[in-house]
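The residues making up each chain are set out below.
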Amino acid sequence: MKLVDTHTHIYLNEFDGDITGVMERAIDAGIIKMVLPACDAGSIKPMNDLHRAYPDLTVMAAGLHPTEIGDDADAQMKIIEQELRENRDRYVAIGEIGMDLYWDKSRRDQQIHYFSYQCRLATELDLPVIIHCREALDETLRAISSLPKTPRSIFHSFSGTAEDVATIRRIAGQDTYFGINGIVTFKKSRVAEALPQIGIEHLLLETDAPYLSPVPFRGKRNEPSYIRHTADFIAASLEISVDELADRTSQNAQHIFGSIL
Ligand SMILES: [Zn+2]
């Protein structure tokens, strides 16, 4: 089994006490690579530290997350952009970036500004973008459609409908990828219904650890090894073996992030 956790924040201090165990359990679960996305300027150092400790198991992404946009957004953006430009070869994506009107609608215009800015930077640096989109699909797609060039994109933590998948593809491109995490295992979630529309060729597995633990760990701290529960659920839903799902989604990760395996 070869799994890629395409979205995990295990550089956060939630993992300070037991990162060795977390990594061992990830390897035991079949994980061969993890994508670490930094969400603000302050995450860059701890993320780099973890990557240096586990250079074969991890790759890095960085961006200014919509919910991290405050009065110091310009200063944060400068630090993140400088890091990406100076160390372009060490990064596989810009993210996570995006729009979130669930937590805070007051910074809507700023969110659009920084999202668009980072999408243009991604095109310039030839990197894909990892998009966080919550209660803001229209705004996100409008921002993407106003760009001079559409970046290659991953809609991470996707929890929409089959119709949303079709709409996203129309605007963001047919080769858009969708990251599915523990949400798919939640009782009230209808993400599984969108899986056939996404199709195995555009599916990515992720945990978003420490958040969004799959059933049966819902509500507890998430970690990469729990990806197996999400993988088992998706494989059953698509009526394929978990080995095939692992192989195909790892190939997809290799394709969108560019030779990470
Ligand atoms: Zn995340």
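An account of the accompanying structure is given in this report. What you see is a predicted model, and the numbers here were worked out from it, not measured in a lab.

Criteria and thresholds
- Throughout, a residue's number is its position along its own chain's written sequence, starting from 1.
- Reporting of local features is limited, given that this is a predicted model, to residues whose pLDDT is at least 70; pairs of side-chain atoms are given and counted only at 80 or more, and all residues count toward the totals for whole chains, interfaces and linings.
- The side-chain numbers reported here are obtained from all heavy atoms of the structure, hydrogens and water having been left aside.
- The term salt bridge refers to a side-chain nitrogen of Lys or Arg lying within 4 Å of a carboxyl oxygen of Asp or Glu.
- Helix and strand assignments come from DSSP, with helices taken as H or I runs of at least 4 residues and strands as E runs of at least 2, each series counted from the N terminus.
- Summary of the burial criterion: residues with accessible area below 20% of their type's maximum are buried, those above 50% are exposed, and those between are partly exposed, where the area comes from a 1.4 Å probe applied to protein chains only.
- Between any two strands, pairing holds if DSSP finds at least two bridges.
- Every crossover in which the path from the first strand over the helix to the second runs clockwise, viewed with the strands pointing away from the viewer, is termed right-handed.
- Sodium, potassium and calcium take a 3.2 Å donor cutoff, other metals 2.8 Å, and in both cases only N, O and S atoms count; water is not among them, so sites may look incomplete.
- Any site counts as irregular unless it has four donors with all angles between 85 and 135 degrees, making it tetrahedral, or four or six donors with opposite ones more than 155 degrees apart and the rest between 65 and 115, making it square planar or octahedral.
- Axis definition: a line fitted to C-alpha atoms, limited for helices to the stretch in contact. Angles are taken between N-to-C directions and run from 0 to 180 degrees.
- Here, residues are in contact when the closest pair of their heavy atoms is within 4.5 Å.

1. A short note on the pattern of salt bridges
Going through the model one piece at a time under the given rule, you end up with 14 salt bridges. One salt bridge in this structure joins Arg152 and Asp126, with 3.4 Å as the shortest N-O distance. Separated by 26 residues along the polypeptide, Arg152 in the loop between α5 (137-145) and β6 (153-155) and Asp126 in the loop between α4 (108-125) and β5 (129-134) bring together distant segments of the chain. Overall, Arg152 belongs to the partly exposed group, its relative accessible area being 38%. You can call Asp126 exposed: its relative accessible area is 51%. Bridged by salt links that share partners, the residues Asp18, Arg25, Arg221 and Glu223 form one connected network.

2. Structural notes on the pairing of strand β3 (residues 58-62)
A regular strand places its side chains on the two faces of the sheet in alternate fashion. Of all five residues that make up β3, five are buried, and the element is covered over most of its length. Taking every second residue as pointing to the same face, both faces of β3 are buried, with Thr58, Met60 and Ala62 on one and Val59 and Ala61 on the other. Of the strand pairs in this sheet, strand β2 (residues 31-38) and β3 are connected by five bridges, and their pairing is parallel. Within β3, the residue paired with Ala38 across the bridge is Ala62. Following the chain from β2 across helix α2 (residues 44-53) to the adjacent parallel β3, one finds a crossover that is right-handed.

3. Re the coordination of the zinc ion
The coordination sphere of the zinc ion, as far as protein atoms go, consists of His7 (NE2), His9 (NE2), Glu96 (OE) and Asp208 (OD), spread over 2.0 to 2.3 Å. Coordination at the zinc ion is irregular: its four donor atoms span angles of 83 to 177 degrees at the metal.

4. Some remarks on the sheet that holds β6
Overall, parallel pairing links the eight strands, which are arranged β1-β2-β3-β4-β5-β6-β7-β8 in an open sheet. Bordering the open sheet on either side are β1 (3-5) and β8 (203-205), each of which pairs with just one other strand. Geometrically, the sheet is characterised by an average inter-axis angle of 30 degrees between neighbouring strands, direction not taken into account. Where β6 lies against strand β7 (residues 177-180), two bridges are found, and the strand directions are parallel. Bridged to Phe155 within β7 is Phe178. The sheet strands contacting helix α3 (residues 73-86) are β3 and β4 (91-100), and the helix crosses β4 at an angle near 155 degrees. Contacting β4 and β5, α4 runs over the sheet at an angle of about 160 degrees to β4.

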